[in-house]
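Per-entry structural report
So you can see what is in the structure, the chains are spelled out below.
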Amino acid sequence: MGRSLECAEALERLSAFLDAEVDDADGDRIRAHLADCEPCLTEYDVEDHIKKLVRRSCRESAPVELHVRIRTQLTVLRTQYTAEQQQR
Ligand SMILES: [Zn+2]
């Protein structure tokens, strides 16, 4: 058992993981964490979904403004998760 990865680390690497910029060992740890941790998995789904949308709508050059907006949304989600966890 034991937790292979803390949420903060998993979330920090989520973007690199989605871009396949982590090595196999890190990828496995992140996958294992996502399987165990629903908030992180939800955030993974959101970020994966957004990345696909961005790729589809603007293949070559996604506007910087859009990236900023996505980042802001993810930060809001992250804040909500933290607030929910603190209420429990
Ligand atoms: Zn987590």
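Residues numbered from 1 in each chain as written. Predicted model: local features only at pLDDT ≥ 70, side-chain atom pairs only at ≥ 80, totals over all residues. Heavy atoms only, no water.

The chain has the name Mycothiol system anti-sigma-R factor in an unreviewed UniProt entry, where Pengzhenrongella sicca is given as its organism.

1. Concerning the coordination of the zinc ion
Cut-off, in case you're wondering: In this description, a donor is an N, O or S atom within 2.8 Å of the metal centre, a cutoff extended to 3.2 Å for sodium, potassium and calcium. Water is not part of the atom list, which can make sites seem incomplete. In short, tetrahedral needs four donors with all angles between 85 and 135 degrees, square planar needs four and octahedral six donors with opposite donors over 155 degrees apart and all other angles between 65 and 115, and whatever is left is irregular. When accessible area is computed with a 1.4 Å probe and restricted to protein chains, residues below 20% of their type maximum are described as buried, those above 50% as exposed, and intermediate ones as partly exposed.
Distances from the zinc ion to its protein donors, Cys 7 (SG), His 33 (NE2), Cys 37 (SG) and Cys 40 (SG), fall at 2.0 to 2.3 Å. Of note is the zinc ion, whose four donor atoms meet at the metal with angles of 102 to 114 degrees in an arrangement that counts as tetrahedral. All donor residues of the zinc ion come from one chain, and their arrangement in sequence is C-x25-H-x3-C-x2-C. Taking relative accessible area as the criterion, His 33 reaches 4% and is therefore assigned buried.

2. Examining the nonpolar core
For soluble globular proteins, nonpolar side chains are generally found buried alongside one another. Defined as follows: Buried Ala, Val, Leu, Ile, Met, Phe, Trp, Tyr and Cys residues that are joined via side-chain atoms within 4.5 Å together make up what is termed a nonpolar core. Going along the chain from the N terminus, every DSSP run of H or I of four or more residues is numbered as a helix, and every run of E of two or more is numbered as a strand. We call two residues in contact when some of their heavy atoms are within 4.5 Å.
Of all hydrophobic cores here, the largest spans ten residues; its members are Leu 5, Ala 10, Leu 11, Leu 14, Phe 17, Val 22, Ile 30, Leu 34, Cys 37 and Cys 40. Looking at this core, the element that brings in the most residues is helix H1 (residues 7-18), giving four residues. When sequence neighbours within four positions are dropped, the list of residues in contact with Val 22 reads Ala 16, Phe 17, Gly 27 and Ile 30.

3. Structural notes on the packing of aromatic side chains
We count it as follows: Working definition: a ring pair exists when centres of Phe, Tyr or Trp rings (six-membered ring for Trp) sit within 6.5 Å. Plane angles under 30 degrees give stacked, over 60 give edge-to-face, the rest tilted.
Going through the model one piece at a time under the given rule, you end up with one aromatic pair. Plain terms: the ring middles of Phe 17 and Tyr 44 are 6.0 Å apart, the flat faces sit at 45 degrees to each other, and that makes the pair tilted. In this pair, Phe 17 sits in helix H1 while Tyr 44 sits in helix H3 (residues 38-57), placing the two residues 27 residues apart along the sequence. Residue classification places Phe 17 among the buried residues on the basis of a relative accessible area of 12%.

4. Focus on the packing of H1 against H3
Put simply, the rule is: Note on method: axes are straight lines fitted to C-alpha atoms, helices fitted across the in-contact stretch only, with angles between N-to-C directions ranging 0 to 180 degrees. Relative orientations are named as follows: roughly parallel for angles under 35 degrees, roughly antiparallel for angles over 145 degrees, roughly perpendicular for angles from 65 to 115 degrees, and oblique for any other angle. Handedness of a crossing is defined here by the sense of rotation of the near helix relative to the far one, left-handed for an anticlockwise turn of less than a right angle and right-handed for a clockwise turn.
Interhelical geometry of H1 versus H3 gives an angle of 20 degrees and a closest axis separation of 10 Å. One finds that H1 runs roughly parallel with respect to H3. H1 and H3 meet at a crossing whose hand is right-handed. On H3, the residues touching Cys 7, Ala 10, Leu 11, Leu 14, Ser 15, Phe 17 and Leu 18 of H1 are Cys 40, Glu 43, Tyr 44, Glu 47, Asp 48, Lys 51 and Arg 55.

5. Brief notes about the UniProt feature "domain: Putative zinc-finger" (unreviewed entry) in the chain
Note the threshold: UniProt positions are given in the numbering used here, feature names are shortened, and annotations may be inferred rather than shown by experiment.
UniProt records the feature "domain: Putative zinc-finger" (unreviewed entry) for residues 7-40 in the present numbering. A helix fraction of 82% and a strand fraction of 0% characterise residues 7-40, whose end C-alpha atoms lie 7 Å from each other.

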